[in-house]
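If you want the building blocks of each chain, they are given just below.
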Amino acid sequence: MTGAVQSLYIHIPFCPKKCDYCAFVTHVGSSRLIEPYVQAVLLEAQLLSSRHAVGPLETVYFGGGTPSMLDGEHIHSILQKIEALFGLAAGAEITLEVHPATAGPT
């Protein structure tokens, strides 16, 4: 018998537009809130880690909304905090939903 998969879902509620089919909590035209939201995610991760013995994580999923509206530095800071607090398993799957309008060459 194996243990449960250790997973974390991170909701990113920002979108370039609201799709007709979407029922998720999303914010359009609120890019000024991205930085405070990222800081809140970091704080929430800290609080979660102090209450629950979880890890190492096998999957981290950034969903939304449109997580690709965050810049690379935001994603990097979230993943660094997650790894420091919970650990990441070797070969952990990290997934980030992308809207084509927010993706391009780096």
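For the structure itself, consult the block above.
This write-up is about the structure you can find in this document.

Note on sheets: strands pair through backbone hydrogen bonds, and any given pair is parallel or antiparallel. Strands sit in the order β1-β4-β5 across an open sheet of three strands; the sheet is parallel. The sheet is open, and its two borders are formed by β1 (7-12) and β5 (88-96), each paired with just one other strand. Adjacent strand axes in the sheet meet at a mean angle of 15°, parallel and antiparallel pairs treated alike. As judged from the five bridges shared by strand β4 (residues 57-64) and β5, these two strands associate in the parallel manner. Paired with Val60 across the bridge in β5 is Ile94.

In this section: the packing of helix α1 (residues 34-51) against helix α2 (residues 72-86). Contact geometry of α1 with α2 gives a least axis separation of 10 Å together with a crossing angle of 5°. By the angle between their directions, the pair α1 and α2 is classed as roughly parallel. Residues Ile34, Glu35, Val38, Val41, Leu42, Ala45, Gln46, Leu48 and Ser49 of α1 form the contact with α2, whose participating residues are His74, Ser77, Ile78, Lys81, Ile82, Leu85 and Phe86. In terms of residue class, the contact of α1 with α2 is made up of 10 nonpolar, four polar and two charged.

With that settled, the discussion passes to the packing of aromatic side chains. Within this structure, the stated rule accounts for two aromatic pairs. Relative to Tyr61, the ring of Tyr9 lies with its centre 5.9 Å away and its plane at 20°, an arrangement referred to as stacked. Of the two residues, Tyr9 is situated in strand β1 and Tyr61 in strand β4; the sequence distance between them amounts to 52 residues. Tyr9 sits in the partly exposed class, given a relative accessible area of 43%. Owing to a relative accessible area of 31%, Tyr61 belongs among the partly exposed residues under this scheme. Between Phe14 and Tyr37, the aromatic rings sit 5.5 Å apart at their centres with planes inclined by 90°, giving edge-to-face as the arrangement. With Phe14 in strand β2 (residues 14-15) and Tyr37 in helix α1, this pair connects stretches of sequence that are 23 residues apart. Exposure remark for Phe14: the relative accessible area of 3% places this residue in the buried category.

Thresholds, definitions, all that
Residues numbered from 1 in each chain as written. Predicted model: local features only at pLDDT ≥ 70, side-chain atom pairs only at ≥ 80, totals over all residues. Heavy atoms only, no water. Pairing = 2+ DSSP bridges. Helix = DSSP H or I, 4+ residues; strand = E, 2+ residues; numbered from the N terminus. Axes fitted to C-alpha atoms, helices over the stretch in contact; angles between N-to-C directions. Parallel < 35°, antiparallel > 145°, perpendicular 65-115°, else oblique. Contact = heavy atoms within 4.5 Å. Nonpolar A, V, L, I, M, F, W, Y, C, P; charged D, E, K, R; others polar. Phe/Tyr/Trp six-rings, centres within 6.5 Å; stacked < 30°, edge-to-face > 60°. Buried < 20%, exposed > 50% of the residue type's maximum accessible area, 1.4 Å probe, protein only.

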